[in-house]
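Observations on the model geometry
These are the residues of each chain, in order.
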Amino acid sequence: MAQTNRKKINLAFQGGGAHGAITWGVADRLLEDDRVDIEAISGCSAGAVNAAAVAYGLHKGGAAGAREALDGLWKKISEAGRYYSPVRANPFPMALGGADLVNAWTYQAFDAMTRTVSPYQFNPFDINPLRDILEACIDFDSLRRCDVTKLFVAATNVRTGKVQVFETGEVSTDVVCASTCLPFLFKAVEIDGEHYWDGGYMGNPVLFPFFYEAASSDVVIVHVNPIERDELPRTAPDIMNRVNEITFNSSLLRELRAVSFVHKLLDDGWIKDEYRDRLRNIRVHSIRSDVAMADYDISTKFRTDWTFFMDLKTRGRAIAEQWLEEKFDAIGERSSVDLRAMFDGDASDEAALTESEAPAA
C-alpha cells in the first residue's frame, strides 16, 4: 500500500570505480521503500553513473524503473569487463604471488604502465567502453527532460582546477564520461571548449547544489571511500589506496565543515533574527560502507565479474536496510550523524569559514 506521508530526501553518491556497485545496492533498497521520495541526486565518477541511471529510471518508470535501470547498467558493465578489463586474476595464484587481485601480474603491470605512460600514448583513440554502456542503457535526450527528480553531476575543470556541476538539462554521455575520467586512464573529456577530469578530485560528491536547488533539507550521503582506517598502510598499494581515499574525501569533508559551521551559527544564536532566513539548517545523514568494504583492496576497484557485483549489491542493500531501521525517523527532524566527529575539526576551523562558504537559503 502506497504511503501518503512520504519523506523527501536528497541523495549524494560517491565515486569509487567498481566499488560503486555497493551504491547500486543502497539505492535499490531505498527505492524499494515507499516512504522515501528522492527529490534530487548528486553524483561524481561511479556515483554519477549510478545517479544518471536512477534519475533516468525514475523519469521513465518511477522507483521500479530506477531499480530496473540500475540492474541493466551494472549487468552491461560486467559484460563489457569480460572483454575490456585490463586486470585479471592469476591463473596459477599460488605460483604467481597469491590469490588476491592486487598480487596478480596483470594488475602489477597495469599499475606500473599507468604511472609511466600517458593515456594519450597508450590509448590514442580514447577507447572508453563506458560510453557505449551509457548510450545503451540511458536515453540522455529523455533524461534531460526529467522533472521528477533533479540531477547534479560533478566534474573537475582541468584548466581552472575548479568543480563544474552539470544540472539535469545539461547531462549527456560526455558529461558522465567527464565525471568518471581518471586522467591516468583516459584523455580529458572536452565539453564546450573546456576539458574535464574525474569529479572526485573537487567534489566527491558535491552537496552545495542541494542548498540552492532542492526544497528538502535532508541530505543522505552514500559513502564508498572509507573516511577512517584503523590499520597503518605499509605496502605500496595500501599506501596509494589510503592516499586516494583521503584525497577523494577531502572536498566532502570541507563541505561538511561548512554545514557544521552553519549549525553552530544557528544553534548558538550568533545570527540576528532578521538574517536567520538567509541560512539553511541542512540535516545530514550518512550511509557508510567502511565495514562492508573492509575486505576489498584497491585492486578490486577494477573487478567486473558478476559475482563480485552481486556481492556488493547485497552488502549495499544490507547497510541501507540497517540505516532505514536506525535512522529513518531522523529524516525531517535532525541530522543523524555527528558532523564534528566526521571531520574532527575545531573552533579555529569554523572561525576560518566565511559566510560565502556556508549553505545559504
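As a reminder, the structure under discussion sits directly above these lines.
Described below are features of the structure shown in this document. (Residues numbered from 1 in each chain as written. Predicted model: local features only at pLDDT ≥ 70, side-chain atom pairs only at ≥ 80, totals over all residues. Heavy atoms only, no water.)

**Quick look at the pairing of strand E4 (residues 163-167)**
Two elements, strand E3 (residues 150-157) and E4, share 5 bridges in a ladder whose sense is antiparallel. Note that in E4 the partner of valine 153 across the bridge is phenylalanine 166. The hairpin turn running from E3 into E4, its antiparallel successor, is 5 residues long, and glycine 161 in that turn takes a positive phi close to 75 degrees. (Pairing = 2+ DSSP bridges. Helix = DSSP H or I, 4+ residues; strand = E, 2+ residues; numbered from the N terminus.)

**Some words on the packing of aromatic side chains**
Within the structure shown, the criterion is met by 8 aromatic pairs. When the ring of phenylalanine 308 is compared with that of phenylalanine 309, the centres are 6.1 Å apart and the planes differ by 40 degrees; the resulting orientation is tilted. There is no split in this pair, since phenylalanine 308 and phenylalanine 309 are both buried. By the ring-pair criterion, three or more aromatic residues cluster together here, those being Trp24, Trp74, Tyr296, Trp306, Phe308 and Phe309. Just above the ring of phenylalanine 328 sits the side chain of lysine 7; from NZ or CZ to the centre is 4.7 Å. (Phe/Tyr/Trp six-rings, centres within 6.5 Å; stacked < 30°, edge-to-face > 60°. Buried < 20%, exposed > 50% of the residue type's maximum accessible area, 1.4 Å probe, protein only. Lys NZ or Arg CZ within 6 Å of the ring centre and 35° of its normal.)

**Things to note about empty space enclosed by the protein**
A full pass over the atoms with the stated rule returns 1 cavity of 30 Å³ or more. In this structure, the largest cavity occupies an estimated 80 Å³ of space. For the largest cavity, the lining is made up of 13 residues, of which His19, Pro226, Arg229, Glu245 and Lys301 are closest to its centre. Taken together, the residues that form the lining of the largest cavity break down as 5 nonpolar, 4 polar and 4 charged. (1 Å grid on protein atoms, 1.4 Å probe; cavity = no way out; pocket = protein on both sides within 12 Å on 5 of 7 lines; lining within 4 Å. Points joined across faces, edges and corners; volume = space filled by probe spheres on them. Nonpolar A, V, L, I, M, F, W, Y, C, P; charged D, E, K, R; others polar.)

**A few points about the packing of helix H2 (residues 46-84) against helix H5 (residues 129-137)**
Where H2 contacts H5, the two axes come as close as 9 Å, and the packing angle between them is 145 degrees. The two elements H2 and H5 meet at a crossing, and its hand is right-handed. Residues Val49, Tyr56, Gly72, Leu73, Lys76, Ile77, Ala80 and Tyr84 of H2 lie in contact with H5, whose contacting residues are Pro129, Leu130, Ile133, Leu134, Ala136 and Cys137. Partitioning the contact of H2 with H5 into residue classes produces 12 nonpolar, 1 polar and 1 charged. (Axes fitted to C-alpha atoms, helices over the stretch in contact; angles between N-to-C directions. Left-handed = near helix turned anticlockwise from the far one by under 90°. Contact = heavy atoms within 4.5 Å.)

**Points about the nonpolar core**
Of all hydrophobic cores here, the largest spans 68 residues; its most connected members are Ile41, Ile138 and Leu143. When residues of this core are assigned to their parent elements, the largest contribution, 15 residues, is made by H2. What leucine 143 contacts, discounting residues up to four positions off in sequence, is Ala52, Ala55, Tyr56, His59, Ile138, Leu151, Thr168 and Val171. (Core = buried A, V, L, I, M, F, W, Y, C linked by side-chain atoms within 4.5 Å.)

**Some details on unusual backbone geometry**
Omega for the bond connecting asparagine 204 with proline 205 falls within 30 degrees of zero, at -10 degrees, which places this linkage in the cis form. Despite not being glycine, aspartate 126 has its phi angle at roughly 55 degrees, a positive value. On the secondary structure map, aspartate 126 appears in the loop between helix H4 (119-122) and H5.

**Thoughts on the side chain of histidine 19**
Inspection of the secondary structure assignment puts histidine 19 in the loop between strand E1 (7-13) and helix H1 (21-32). Discounting chain neighbours no more than four positions away, the residues touching histidine 19 are Val224, Met293, Tyr296, Asp297, Thr300, Lys301, Phe308 and Leu312.

**Describing helix H10 (residues 306-327)**
Taking 1.5 Å per residue, 22 residues should reach 32 Å; H10 reaches 31 Å between its end C-alpha atoms and fits that length. For H10, the full list of buried residues reads Phe308, Phe309, Leu312, Lys313, Gly316, Ile319, Ala320, Trp323 and Leu324. Projected down its long axis, H10 shows its buried positions confined to an angular sector of 140 degrees, all on one face. In H10, the exposed positions angled more than 90 degrees off the buried face are occupied by Thr307, Thr314, Glu325 and Glu326. Summarising the contacts, the buried residues of H10 are in contact with H1, strand E2 (36-44), H2, strand E7 (218-222) and strand E8 (283-287). (Expected span 1.5 Å × (residues − 1). Arc of directions from axis to C-beta.)

**Side note on the pattern of salt bridges**
Taken as a whole and assessed by the stated rule, the structure comprises 20 salt bridges. Here glutamate 32 and arginine 29 are joined by a salt bridge, their closest N and O atoms 3.5 Å apart. One end of the pair is glutamate 32 and the other is arginine 29, both in helix H1 and 3 residues apart, which spans about a single turn. By relative accessible area, which is 12% here, arginine 29 ends up buried. Arginine 229 is the salt-bridge partner of glutamate 245, the closest N and O atoms lying 2.8 Å from each other. Here arginine 229 lies in the loop between E7 and helix H9 (236-267) and glutamate 245 lies in helix H9, a separation of 16 residues in the sequence. (Salt bridge = Lys/Arg side-chain N within 4 Å of Asp/Glu carboxyl O.)

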